[in-house]
Amino acid sequence: MGKAMQAVQTAAACIAARLPFGGKAPQLALVLGSGLGGLAGRIEGAAVIPYAEIPGFPASTAPGHAGRLVAGMLGGRRVVCMQGRFHYYEGHPMADIALPVRVFKALGCHALLLTNAAGGVNWAFNVGDIMLITDHINFMGSNPLRGENDDAVGPRFCDMSRVYDPALQAVAAQVAAGQGIPLQKGVYLGYMGPSFETPAEIRAFRTLGADAVGMSTVPEAIAAAHCGLPVLGLSLITNMAAGMAGKRLDGQEVLDIANARGPVFQALVAGIVEALPCTSW
Ligand code: HPA
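The paragraphs below set out a description of the structure included in this document. Model, not experiment: these values are computed from the prediction.

Analysis parameters
Residues numbered from 1 in each chain as written. Predicted model: local features only at pLDDT ≥ 70, side-chain atom pairs only at ≥ 80, totals over all residues. Heavy atoms only, no water. Core = buried A, V, L, I, M, F, W, Y, C linked by side-chain atoms within 4.5 Å. Buried < 20%, exposed > 50% of the residue type's maximum accessible area, 1.4 Å probe, protein only. Helix = DSSP H or I, 4+ residues; strand = E, 2+ residues; numbered from the N terminus. Contact = heavy atoms within 4.5 Å. Expected span 1.5 Å × (residues − 1). Salt bridge = Lys/Arg side-chain N within 4 Å of Asp/Glu carboxyl O.

## Observations concerning the nonpolar core
By size, the foremost hydrophobic cluster in this structure holds 61 residues, and its most contacted members are Ile15, Phe57, Val103, Phe104 and Leu112. Of all the elements, helix H2 (residues 94-107) adds the most residues to this core, at eight residues. Excluding its chain neighbours within four sequence positions, the residues that come into contact with Val103 are Val8, Ala11, Ala12, Ile15 and Phe57. Core analysis: the second largest hydrophobic core is formed by 33 residues, Leu28, Ala172, Phe265 and Val273 among them.

Given below as structure tokens:
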């Protein structure tokens with residue numbers, strides 16, 4: 001076992017000792033992006049673990065992101081939930097962003113739900129839309145797997161052909177249809193930030209095949225693929241990307257829209273959690 005797996009096991013042991021599942025493993029891990037933090041409030045019998053109390057977890061998170069792990073029951077499932085995530089633009093090393101994902105795998109989770117706020121790049125999208133992530137483009141300028149590989153975590157060269165699990169996508173689409181929520185589908189482009197993109201970059205990204213752009217999710221999805229954790233990704237389109245709406249972008253407006261659409265987004269994610277075929281997990 002290398003250093004990476006040792007760090008994973010130290011953090012996992014700390015968390016496992018505080019999980020409220022009577023010794024059972026969590027079934028699902030959720031990363032709550034902007035606007036979704038409120039979902040943690042729906043978790044029953046919650047144990048709350050501040051990141052500062054977990055070895056190896058960075059303590060600080062971005063505006064609109066609480067910094068704690070919330071574990072408990074959601075939709076009848078045992079879930080661990082990151083209420084607030086780590087972003088590359090905050091200065092965290094990529095390995096720190098990968099750590100929680102690897103810890104979820106070590107704890108026994110069977111799937112990872114990644115959520116985020118994103119700018120719409122596809123002209124057919126509207127502010128407030130929810131997009132099912134079918135694939136991503138890594139434009140962050142780095143990769144969480146860079147550096148020495150710990151074979152106990154995953155392989156040196158990691159297949160990325162099916163990061164976003166087709167079966168999980170099918171469940172999400174079915175639940176959205178049942179709730180009357182039109183679901184967009186598309187490719188999420190991860191941009192390092194923290195500046196928003198220029199209009200020229202957005203035109204370029206559209207040409208490259210991006211449907212939405214954001215500053216998170218990609219490192220976590222890569223870490224999940226590496227350790228064999230199936231991913232479901234959902235983006236809340238909080239704004240049309242730079243140059244598309246004839247106005248300047250504003251971080252506060254992104255958070256305001258995320259919070260305004262939060263309840264719909266939360267209901268969808270809660271419905272998906274409930275509908276996932278976890279019975280054998
Ligand atoms: N660009 C990058 N990240 C974002 C955006 C955007 O337009 N909106 C929300 N997160």
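Still to come is the rest of the account.
## Focus: helix H1 (residues 3-16)
Taking 1.5 Å per residue, 14 residues should reach 20 Å; H1 reaches 20 Å between its end C-alpha atoms and fits that length. Regarding H1, the residues found buried are Met5, Val8, Ala11, Ala12, Cys14 and Ile15. Those residues of H1 that are buried are in contact with strand E2 (44-50), strand E3 (68-74) and H2.

## Notes on helix H5 (residues 218-227)
Of all ten residues making up H5, nine are buried, and the element is well covered by its neighbours. Taken residue by residue, H5 has Val218, Pro219, Glu220, Ala221, Ile222, Ala223, Ala224, His226 and Cys227 as its buried positions. Of the surrounding elements, those touching the buried residues of H5 are strand E1 (28-32), H2, strand E5 (111-120), strand E6 (130-139), strand E7 (183-191) and strand E9 (231-240). Backbone geometry just after H5 places Gly228 at a positive phi near 80°.

## Concerning the pattern of salt bridges
Across all of its chains, the model carries three salt bridges by this definition. Note that Arg18 is salt-bridged to Glu53, the shortest N-O span being 2.8 Å. Taken together, the residues span a long stretch of sequence, with Arg18 in the loop between H1 and E1 and Glu53 in the loop between E2 and E3 at a distance of 35 residues. Under the relative-accessibility criterion, Arg18 is labelled partly exposed at 35%. Between Lys247 and Glu253 there is a salt bridge; the shortest N-O distance is 2.8 Å. Among the residues examined, Glu253 registers a relative accessible area of 33% and is labelled partly exposed.

Everything listed here is a matter of coordinates, which is why it stays silent on function.
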